[in-house]
Amino acid sequence: MTAVPVADPDTEVLPPVERDRKRRDRHVVVLATIMFASLCLGMMTLYRPFVAPDELYQFDRVIAASHGQVLLDPTEIKISPASIAAEAAYVPSYQRLGEPSIDGFQPLNRGERPSFADLGGNVRTDDPNIRSNYMTQHPPLYYLVMGIAKNQIPDAEGLPVDQLVFWLRAFNVLMMLPLPLLFFAAARRLVGSGAVANAAAFLPLLLPGLARSAASINNDNLAILAGTALLVLMIRVMQGDDSRRTATLVAGVAIAGSLTKSNVLILLPFVLLAYGIGWLRHRRVPGTPTILTLAAGGIVSVLWSVRARIVFGDFQPDAMGIATATSQGPPRTAADPWSAADFFRDVWSVYPGRFWATLGVLEPPALPRTIQLALTAGVLICVVYALVRFRRVRPEMSLMFAIWLVLTIAVVGRAMLHNMDFVALPGLQGRYTYIAVLGLLLPVAFVLTDLLRQHGRWSATVVAAGGLGLSLVTFWVIVDYYWLPGGVRLTFGTVREAFGYIGGFSPWPTIVTAGLCALTAAGLVVPLVLLVRRTITASTTAPTQTELPAGTASVA
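Predicted model only: the values in this text are computed from it and were never measured.

1. Examining the packing of aromatic side chains
Here comes step 1: Enumeration over the complete set of coordinates arrives at 20 aromatic pairs.
Here comes step 2: The interplanar angle of 85° and the centroid separation of 5.0 Å between the aromatic rings of F355 and W356 together place this pair among those described as edge-to-face.
Here comes step 3: Connected via pairs of aromatic rings, a cluster forms that spans Y351, F355, W356, F401, W404 and Y434.
Here comes step 4: The ring centre of Y47 lies 3.7 Å from the NZ or CZ of R212, which sits over that ring.
Here comes step 5: The side chain of R369 reaches across the aromatic face of W348, ending 5.0 Å from its centre.

Put into structure tokens, the structure is as follows:
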């Protein structure tokens, strides 16, 4: 099959009608970004400090990096006594199963909340009773970036710890804000500007786990940004862009991602596959400058992990240690041997919830099981539909979905190895596959636009409305579990009681917290209203049609 190349939308000279359309599309991306940012803001407001997977240890390593402790070997530093004291002061309970609910605790008076400096600052100890900071098993780039960001906050370590955590979370949200633009860019690369690309911009709203991750201190955030950008660049490559400029971008993003988290290395072989697809399509071998640039980027990308393999015996050494691993679940004994049937039953039980959104540490709470399964079935059906129907972009979609699938298999496999020695499943995290989640979600925009036929321009509105609905369900689940006394369920009649607890534990005065909640609501609802209005009042002149890749349908 001979592929039909898509014109480069960044350099193509467009007539006035198309320029106007591109301007409107940019407005759609802005609306999608505002909605995603608002979802993240809501997550920041509803979670107390450190109530996120690994956030205490991520916070501690950011603090260490801000003091120059950036290039660390696994277990080189222990978690600081100040971080341990901050956890004790600000998180009396993670409210896991069997632990008291929020009414069992009293928030500290805001004037008495300690700062990191009050708790001892970045002082490290060799005390064998203190656990190592197992975030030292990861490459250093995220911590370098966040350490620099933390040092831009005036008197950062003199702030109450909950306020410092809030601002560090805000930096993470900023790090993830390009996602709607990247999703839009991926779709536009495939079918040009129009309904599919507009709908793609809102796809991050369909995965609440992205906002949950963004609203916490988490090195996955920079890895997700790098992974998504790398997939967008792979699309360019598969469409025949073998320029040195694109190769330089590919190399730079690959280096940044691999120096953030080792799972990004899984993407590197697929970069070569992308160039192979581009060569087969266009019968053009990349030039020597491109090949040398990619080779240099690949070598630099693997240096950190190759060193770890040579020195510590693994590409990502386990810095958790027996004490930390045991705290998450006891070691297996002869009386409790590992069972494949039990393991995969547990995977089926918990993984869909952890993929769509890890709302607890790790659970409960979780999205309702029916929603988890409906979302899982829906996106997988869309993937199959898209691969069958949209022939022209089948290579791109196949490669991107394959990346996500390989990452999922790797996550389950690594969790299985851990589960053979320990009862718990801490490594079974859906967010580890988010670096390639574009490949799973992008077909939704294609399929929805195709099914709407002549009403395809409404696809962005439908995705945004679905994202709003899912966001409301997510907030409801969080508040119902974390912010009400035991036995009390969230209803419209108990919202005021829940807000009383939220305001009491918030880093900010109650009026500011109320303002953040109102801003979250406005940021989710107003863009959707504007999007509906934009769709209704769209130009009545005959729009340029954007052909769907199967050649059998077109959308406005």
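Following the structure, the description resumes.
2. Side note on the pattern of salt bridges
Here comes step 1: In the structure shown here, the tally under the stated rule is 18 salt bridges.
Here comes step 2: Between D54 and R431 there is a salt bridge, and its shortest N-O distance comes to 3.4 Å. Taken together, the positions of D54 in the loop between α1 (16-46) and α2 (55-66) and R431 in the loop between α16 (394-421) and α17 (438-452) put the pair 377 residues apart, joining distant regions of the chain.
Here comes step 3: Given the relative accessible area of 8%, R431 is considered buried.
Here comes step 4: Through salt bridges with shared partners, one network takes in D54, D220, K261 and R431.

3. Examining a nonpolar patch on the surface
Here comes step 1: Residues V306, I310, V311, F312 and F315 make up a contiguous nonpolar surface patch of about 460 Å² in total accessible area.
Here comes step 2: Tracing the backbone through its elements, the reader meets F315 in the loop between α12 (288-312) and α13 (321-328).

4. Observations concerning the side chain of T449
Here comes step 1: Following the sequence through the fold, T449 ends up in helix α17.
Here comes step 2: A residue is classified by how much of its surface remains accessible, and T449, at 0% relative accessible area, is buried.
Here comes step 3: Polar contacts involving the side chain of T449 include one to the side chain of S459, which spans 3.1 Å.

The rules we used
Residues numbered from 1 in each chain as written. Predicted model: local features only at pLDDT ≥ 70, side-chain atom pairs only at ≥ 80, totals over all residues. Heavy atoms only, no water. Phe/Tyr/Trp six-rings, centres within 6.5 Å; stacked < 30°, edge-to-face > 60°. Lys NZ or Arg CZ within 6 Å of the ring centre and 35° of its normal. Salt bridge = Lys/Arg side-chain N within 4 Å of Asp/Glu carboxyl O. Helix = DSSP H or I, 4+ residues; strand = E, 2+ residues; numbered from the N terminus. Buried < 20%, exposed > 50% of the residue type's maximum accessible area, 1.4 Å probe, protein only. Patch = residues over 30% accessible without salt bridge, like charges linked within 9 Å, V, L, I, M, F, W, Y side chains within 5 Å. Areas by Shrake-Rupley, 256 points an atom, 1.4 Å probe, with all protein chains shown as cover. Polar contact = N/O pair within 3.5 Å; in protein donor to acceptor, adjacent residues only side chain to side chain.

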